[in-house]
Amino acid sequence: MSQLLLGYASRLLGCQSRSGSAATTAAAAAILSQQPVRHKSPLQKVRKRGPFPEWTKTDPDPHLFTRHIPKTDERRTKAVRPPGKYQIFSVHYDPIVNSFAGHFVKCGQRDKLRDVFTQMMAEIKHIQMARRNAAPPEEKASIEVDPTRVIHKAVENCSPLLIIKHVFRGGFLYKVPCPLRESESQMRAFKFLRIASNVRGTKEHLYRSLARELVNASNNEGKAVHAKLQLHKTCEENRAYANYRIT
């Protein structure tokens, strides 16, 4: 096979005979020894797996475009890796508010929910601004008017530390208090706030009821905080069965 390829290369170089001269044979052997050049298209370069060494990492700072970038920074000359599917770098994005909004979605109607939460944010702002204007000068600084911080404070005040789980032992069903992870406690707070702001059977709008309940919860008041205290009270009453907790 190698002799056949050598003869074919010799004919390409202008040799008439199969064996050819020594110079032509040496030139043909040098051509065959070279590796073939494979040209990669830009699409193949993008499709290859693994990290891209010529790309810089995505900056998770949402305030990147509001500050000065030095001229020596590599982000001025290199391409920046695009963000992932679940990476959001918006200045107005908040993970707690986004998770709280997800508990009110029905049949995927996010557009309608977005309008409700926009009105709810405005209502919280109006309530807190009215309280601040009516408060004495020494108390105005302690009243928070940012709706996002009000929601964070309300979720923190409604997050329980313990929960009741039913454990079957020896033919009896026991109410066993068990600790909660941070994510589970946050989900339980969302549930308390959603149930407390239920407007079924009333003529009140959802955004008004939800805004009022969030403001009350941020001040350690309201139905959601009461539900958390009742849960803690039940856990305190059944603390004798804590040794039955499932680990």
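The rules we used
Residues numbered from 1 in each chain as written. Predicted model: local features only at pLDDT ≥ 70, side-chain atom pairs only at ≥ 80, totals over all residues. Heavy atoms only, no water. Salt bridge = Lys/Arg side-chain N within 4 Å of Asp/Glu carboxyl O. Helix = DSSP H or I, 4+ residues; strand = E, 2+ residues; numbered from the N terminus. Buried < 20%, exposed > 50% of the residue type's maximum accessible area, 1.4 Å probe, protein only. Axes fitted to C-alpha atoms, helices over the stretch in contact; angles between N-to-C directions. Parallel < 35°, antiparallel > 145°, perpendicular 65-115°, else oblique. Contact = heavy atoms within 4.5 Å. Nonpolar A, V, L, I, M, F, W, Y, C, P; charged D, E, K, R; others polar.

- The protein is annotated in an unreviewed UniProt entry as Small ribosomal subunit protein uS7 domain-containing protein of Macrostomum lignano.

1. So, the pattern of salt bridges
Thought 1: On inspection of all chains with the given rule, the structure shows seven salt bridges.
Thought 2: For the salt bridge of Glu123 with Arg208, the shortest nitrogen-to-oxygen distance reads 3.6 Å. One end of the pair, Glu123, is in helix H5 (residues 110-134); the other, Arg208, is in helix H8 (residues 206-218), with 85 residues separating them in the sequence.
Thought 3: Using a relative accessible area of 17% as the deciding quantity, one classes Glu123 as buried.

2. Side note on the packing of H5 against helix H6 (residues 147-158)
To characterise two packed helices, one gives the angle between the axes of the helices and the distance between these axes.
Thought 1: Running from N to C, H5 and H6 cross one another at 90°; their axes reach a closest spacing of 9 Å. Here H6 runs roughly perpendicular to H5, going by the angle between their axes. Here H5 contributes Met120, Met121, Ile124, Lys125 and Gln128 to the contact with H6, which in turn contributes Pro147, Thr148, Val150 and Ile151.
Thought 2: A breakdown of the residues in the contact of H5 with H6 according to their chemical character gives six nonpolar, two polar and one charged.

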